[in-house]
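As a plain string of letters, each chain reads:
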Amino acid sequence: MFSSEKFTPYRLVGLAVLVELGFVIVPLVIGFWYSVNRVQFFQIRGFTGFDNYWRVLTSPSVANALAVTVTFSVISLVLTFVIGFGLAMWLERSNRLNGVMQAVVLIPYMIAMLVGSMLLKWVFSKESGLSDLVLAPMGMGDVSILADPDTAMAALVYNAVWRDSAFAMIMLLAGLKSIPAHLQLAARVDGASAWYRFRRITLPLLQVPIFITVIRLFIHLVNTLTYPLILTGGGPGTSTETVVLKMYRLGFNDNVLGQANALAIMVFIVNIALVAVLLRLFKKAGNIQ
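Residues numbered from 1 in each chain as written. Predicted model: local features only at pLDDT ≥ 70, side-chain atom pairs only at ≥ 80, totals over all residues. Heavy atoms only, no water.

*Asks:* Hey, could you run me through the overall build of the protein chain in this one?
*Replies:* Summing up its helical and strand segments, the protein chain has 13 helices and 2 strands in all. Along the first, second and third principal axes, the C-alpha atoms of the protein chain reach 80 × 75 × 35 Å. Relative to all contacts within the protein chain whose residues are 6 or more apart in sequence, the contacts with residues 24 or more apart total 66%. Here the protein chain displays about 16800 Å² of accessible surface, and carbon together with sulfur accounts for 70% of that area. When the 21 positive and 13 negative side-chain charges of the protein chain are each reduced to one mean point, those points stand 11 Å apart. (Helix = DSSP H or I, 4+ residues; strand = E, 2+ residues; numbered from the N terminus. Contact = heavy atoms within 4.5 Å. Areas by Shrake-Rupley, 256 points an atom, 1.4 Å probe, with all protein chains shown as cover. Lys, Arg positive; Asp, Glu negative; His and termini not counted. Charge placed at Lys NZ, Arg CZ, Asp CG, Glu CD.)

In structure tokens, the structure reads:
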């Protein structure tokens, strides 16, 4: 009976559903249960209701982390997308030099996030980094990039842009390669300028790749932990402490897992809401069907 072909789709989807339950739904339910209890060292000490949520919502340090996250995510998203788009346009043509350049651009993305962040931390280090060798001859040997709030944020943004621009380039380059060549050729024969072809042919046909790239980068940047944890440690002070880093510290440094999970649940809800808003904006603009 169960070997019938009509049950084949259910058997194929069943495994994916089980994996989804095991790695997403179950941890989400456990996290919500922790968020409404007082939890210390993974031991539930008592039911608190929504007290953990209230503590998180009224915490000045969480508000600061939210502001840092917005600043970091927005700046990094804009720069990463623009640079990735520029690289994709530049490397669209197939030739030997562009093939080599594509490989060079992909190197930061192929390096693990942890290793890349540690590498940049060494580069920006005042004691032994390359930045000190560059700044010293200019009379700025006493400048420590990671010790100043403004330059530390700039270093954090640079870390994200340096690594993730390659991802944007891959996505958008794939979209550019999928545009039929005869459309560009016909427009060129008709005397259309490069800007007109870009605005009327390239951009409309890149609607879906642009949307996927923006959403993927947005989710990644808002929820990344490695960059602030490894490169700046959230410092100096809390000037580069993002929401995810704050969540990590609440859970593993302050041992208040209830508040950490309450913050995690709220971040999850905000992620879903913002992705829905972005999807609605793209639909309204006619960028996706």
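*Asks:* Even after reading the chapter, I still don't get the packing of aromatic side chains, so can you show me in this structure?
*Replies:* Aromatic ring pairs are reported here in terms of the distance separating the ring centres and the angle at which the planes meet. Under the defined criterion, the tally for this structure stands at 7 aromatic pairs. Judged by centre distance (5.9 Å) and plane angle (50°), the ring pair of Phe-85 and Phe-198 falls under tilted. One end of the pair, Phe-85, is in helix α3 (residues 60-90); the other, Phe-198, is in helix α9 (residues 194-205), with 113 residues separating them in the sequence. Judged by centre distance (6.1 Å) and plane angle (35°), the ring pair of Tyr-109 and Phe-167 falls under tilted. Here Tyr-109, found in helix α4 (residues 96-110), pairs with Phe-167, found in helix α7 (residues 149-177); they are 58 residues apart in sequence, far enough to count as distant. Residue Tyr-109 is classed as partly exposed on the basis of its relative accessible area of 26%. (Phe/Tyr/Trp six-rings, centres within 6.5 Å; stacked < 30°, edge-to-face > 60°. Buried < 20%, exposed > 50% of the residue type's maximum accessible area, 1.4 Å probe, protein only.)

*Asks:* In this structure, what is going on with the environment of Thr-151? I would like to understand it.
*Replies:* Topologically, Thr-151 is positioned in helix α7. Sequence separation between Thr-151 and Met-110 is 41 residues; the distance between their C-alpha atoms is 26 Å. With sequence-adjacent residues up to four places away left out, Thr-151 is seen in contact with Ser-144 and Ile-145. Of note is the side chain of Thr-151, whose polar atom sits 2.5 Å from the backbone oxygen of Ile-145. (Polar contact = N/O pair within 3.5 Å; in protein donor to acceptor, adjacent residues only side chain to side chain.)

*Asks:* Looking at this model, I keep getting lost on the pairing of strand β2 (residues 43-47). Mind explaining?
*Replies:* Look at any regular strand and the pattern is simple: side chains alternate between the two faces of the sheet. In terms of strand pairing, strand β1 (residues 37-40) meets β2 through 4 bridges, oriented antiparallel. Bridged to Asn-37 within β2 is Phe-47. Between β1 and the antiparallel strand that follows it, β2, lie 2 residues; Phe-41 among them carries a positive phi value of about 55°. (Pairing = 2+ DSSP bridges.)

*Asks:* How should I be thinking about the nonpolar core in this particular structure?
*Replies:* One recurring pattern in soluble globular proteins: nonpolar side chains tend to sit buried together. Residues Phe-72, Phe-85, Phe-124, Ile-210 and Leu-231 are the most contacted members of the largest nonpolar core, which totals 42 residues. Every element with two or more residues in this core is listed here: α3, α5 (113-124), α7, α9, α10 (207-223) and α11 (226-232). Beyond its immediate chain neighbours, meaning those up to four positions away, Phe-72 contacts Met-153, Leu-156, Val-157, Ala-160, Leu-221, Thr-224 and Tyr-227. Grouped together as the second largest cluster of nonpolar side chains are 14 residues, Tyr-53, Val-56, Met-247 and Leu-250 included. (Core = buried A, V, L, I, M, F, W, Y, C linked by side-chain atoms within 4.5 Å.)

*Asks:* What exactly am I supposed to notice about helix α12 (residues 243-252) here?
*Replies:* In terms of residue burial, α12 counts as a mostly covered element, since 7 of its 10 residues are buried. Looking at the buried positions of α12, the neighbouring elements they touch are α3, α10, α11 and α13 (257-284).

*Asks:* Looking at this structure, I do not really get the pattern of salt bridges. What am I missing?
*Replies:* Close approach of charged atoms lets side chains of opposite charge pair. Scanning all chains against the criterion turns up 3 salt bridges. One salt bridge in this structure joins Glu-241 and Arg-249, with 2.7 Å as the shortest N-O distance. Its relative accessible area of 21% is what places Arg-249 among the partly exposed residues. (Salt bridge = Lys/Arg side-chain N within 4 Å of Asp/Glu carboxyl O.)

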